[in-house]
Amino acid sequence: MTAGDRKDRVFARPLSEVKAFEFNESVAHVFQDMISRSVPGYALLLRMIGLYADLFVTAGSRVYDLGCSLGEASLVIAEQVRDAECRIIAVDNSSAMIEKCRQHNISPDLIEWHCEDIRQIPIDQASMVVLNLTLQFLPPKERLPMLKKIYTGLNPGGVLVLSEKVVFEDEAENECMLQLYQGFKKTMGYSDLEISQKRNALENVLIPDSEQQHRQRLVDAGFSEIYPCFRGFNFVSYLAIKT
Ligand code: GEK
């Protein structure tokens, strides 16, 4: 197996019909390359999650990585957690992703991999919940109930990490950020065809909110301390603390 085998070419050839995007085996196979080249600051987001874990994960608590994909965030968190009683519950409803997590799992004692819908997972005794680029895939009406469930399941002092692709209410800002994002993807080696076919595939699958919608929803869920810690073009990441 060479690095080339893991290169994302999912949308490289002209497709007669662009189907709705799915986290299937062909996507899971190249996902690490896909996400690193598609999300500005992805590696930094992971490092930030490690820093949050160091600061917020408490002894005997649970950490949830919701929409864990290949488990990158869980692995970073596991490096920070020194308490053997802590559990990292990593959840994804893509069996292709979870199968790969189980095959490559290097922290068997700390991490439990679950192939399930994050809406079905009970959340309890949590010091940290990670939604790293996942909430955007839930139907919009189900996002507030999801955040309320997370808020209820967090211990006082616990944190939610919420990273998302966003849209901007100001038209000029939105247009500027989209152009910069397209430029970013080109510098990462994607062609115009790949960019446009993937954008079509994600339409109605990834439905982004604005920063105002995110902040209001976090407030409505109960969070009072909401800190935007990262923004790269049209991607933001919040730290929301349950006080
Ligand atoms: C990372 N967090 O590398 N239930 C469970 N999983 C879901 C659901 C759902 N309802 N909807 C989507 N997913 C990761 C990256 S990727 C982001 C997250 C992206 C899963 C889906 O199967 C996919 O693996 C993940 O959420 C989103 O830190 O590809 O833009």
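Just so it is clear, the model here is predicted, and its values are computed rather than measured.

A. Examining the nonpolar core more closely. Of all hydrophobic cores here, the largest spans 51 residues; its most connected members are Ile-49, Tyr-52, Ile-77 and Met-128. Element by element, the count of residues in this core is highest for helix H2 (residues 42-56), at 8 residues. If near-sequence neighbours (up to four positions away) are discounted, Ile-49 is found in contact with Ala-73, Val-76, Ile-77, Met-128, Val-130, Asn-132 and Val-161. Ranked by size, the runner-up nonpolar core spans 29 residues in total, among them Val-91, Ile-118, Leu-135 and Leu-138.

B. Here's a closer look at the site of the ligand. Contacts to the ligand come from 21 residues, most closely from Tyr-42, Gly-67, Ser-69, Asp-92 and Asn-132. Gly-67 places a main-chain nitrogen or oxygen 2.7 Å from a nitrogen atom of the ligand. Within the contact set of the ligand, a nitrogen atom lies 3.2 Å away from a backbone nitrogen or oxygen of Asn-93. Residue composition of the shell around the ligand, by class: 10 nonpolar, 7 polar and 4 charged.

C. Structural detail: the pairing of strand E1 (residues 62-66). With 4 of 5 residues buried, E1 is to be regarded as a mostly interior element. For E1 and strand E2 (residues 87-92), the ladder comprises 5 bridges, and the chain directions are parallel. Looking at the pairing, Asp-65 lines up with Ala-90 of E2. Between E1 and its parallel partner E2, the chain crosses via helix H3 (residues 72-80), and the hand of that crossover is right-handed. Where E1 meets strand E4 (residues 126-132), 4 bridges bridge the pair, whose relative direction is parallel. When the sheet's bridge partners are listed, Arg-62 is paired in E4 with Ala-126.

D. Structural view of the packing of aromatic side chains. Under the defined criterion, the tally for this structure stands at 7 aromatic pairs. With 6.2 Å between their ring centres and 70° between their planes, Phe-23 and Phe-31 make a pair best called edge-to-face. Its relative accessible area of 27% is what places Phe-23 among the partly exposed residues. We classify Phe-31 as buried; its relative accessible area is 7%. Chaining the aromatic ring pairs together yields one cluster made of Phe-11, Phe-21, Phe-23, Phe-31 and Phe-137. The side chain of Arg-37 reaches across the aromatic face of Tyr-190, ending 4.0 Å from its centre. In this structure, Lys-242 packs its charged tip against the face of Tyr-151, placed 4.6 Å from the ring centre.

E. Looking closely at helix H6 (residues 171-187). The end-to-end C-alpha distance of H6, which contains 17 residues, comes to 24 Å, matching closely the 24 Å that a straight helix rising 1.5 Å per residue would cover. What H6 keeps buried is the set Asn-174, Met-177, Tyr-181, Phe-184 and Lys-185. Down the axis of H6, the sector holding all buried residues measures 95°, keeping them to one side. Exposed positions of H6 whose direction lies more than 90 degrees from the buried face are Glu-171, Ala-172, Gln-179 and Thr-187.

F. View of the packing of H6 against helix H7 (residues 192-202). At a closest axis distance of 10 Å, the pairing of H6 and H7 adopts a crossing angle of 125°. As far as their axial angle goes, H7 and H6 are oblique. Both H6 and H7 take part in a crossing whose hand is right-handed. Within the contact between the two elements, H6 uses Gln-182, Lys-185 and Lys-186 and H7 uses Asp-192, Ile-195, Lys-198 and Arg-199. Residues belonging to the contact of H6 with H7 are distributed by class as follows: 1 nonpolar, 1 polar and 5 charged.

G. Representation of the pattern of salt bridges. As enumerated under the stated definition, the model contains 11 salt bridges in all. We note a salt bridge from Arg-82 to Asp-54, for which the minimum N-O separation is 3.8 Å. Of this pair, Arg-82 sits in the loop between H3 and E2 while Asp-54 is found in helix H2, placing the two residues 28 residues apart along the sequence. Under the relative-accessibility criterion, Arg-82 is labelled exposed at 67%. In this structure, Asp-192 engages Lys-186 in a salt bridge whose closest nitrogen and oxygen atoms are separated by 3.0 Å.

Cut-offs used in this document
Per chain, the residues get numbers from 1 upward, laid out in the order the sequence is written. Totals for whole chains, interfaces and linings use all residues, but because this is a predicted model, local features are given only for residues with pLDDT of at least 70 and pairs of side-chain atoms are given and counted only at 80 or more. Neither water nor hydrogens contribute to the side-chain values; these are computed over all heavy atoms in the structure. We call a set of buried residues a nonpolar core when its members are Ala, Val, Leu, Ile, Met, Phe, Trp, Tyr or Cys and they connect through side-chain atoms within 4.5 Å of each other. Relative accessible area decides the class of each residue, using a 1.4 Å probe on protein chains only: under 20% of the type maximum gives buried, over 50% gives exposed, and in between gives partly exposed. Labels follow the DSSP assignment, with helices taken as runs of H or I lasting at least four residues and strands as runs of E lasting at least two, numbered in each case from the N terminus. In this analysis, two residues are considered to be in contact whenever any of their non-hydrogen atoms come within 4.5 Å of each other. Consider each residue's heavy atoms; a residue with any of them within 4 Å of a molecule or strand counts as near. Counted as a polar contact is a pair of N or O atoms within 3.5 Å, where, for protein atoms, one must be capable of donating a hydrogen and the other of accepting one, and residues adjacent in sequence contribute only when both atoms are in side chains. All amino acids are sorted into three groups, where Ala, Val, Leu, Ile, Met, Phe, Trp, Tyr, Cys and Pro are nonpolar, Asp, Glu, Lys and Arg are charged, and the leftover types, Gly among them, are polar. Two strands form a pair only when DSSP identifies at least two bridges running between them. Consider the strands pointing away from the viewer: the crossover is right-handed when the path from the first strand over the helix to the second runs clockwise. Note on ring pairs: Phe, Tyr and Trp rings are taken, using the six-membered ring of Trp, and paired if centres are within 6.5 Å. Classes follow the plane angle, with under 30 degrees stacked, over 60 edge-to-face and the rest tilted. Only when the NZ atom of a Lys or the CZ atom of an Arg is both within 6 Å of the ring centre and within 35 degrees of the ring normal do we say a charge sits over the ring. What a helix is expected to span follows from its residue count: subtract one and scale by 1.5 Å. By definition, the arc is the one covered by directions from the helix axis to the C-beta atoms. Lines are fitted to the C-alpha atoms to define the axes, a helix being fitted only along its stretch in contact, and any angle between axes, read from their N-to-C directions, falls within 0 to 180 degrees. By definition in this entry, angles of less than 35 degrees are roughly parallel, angles greater than 145 are roughly antiparallel, angles of 65 to 115 are roughly perpendicular, and the rest are oblique. Working rule for handedness: look at the near helix, and if it is turned counterclockwise from the far one by less than a right angle, call the crossing left-handed; if clockwise, right-handed. Between Lys or Arg on one side and Asp or Glu on the other, a salt bridge is scored when a side-chain nitrogen of the former is within 4 Å of a carboxyl oxygen of the latter.

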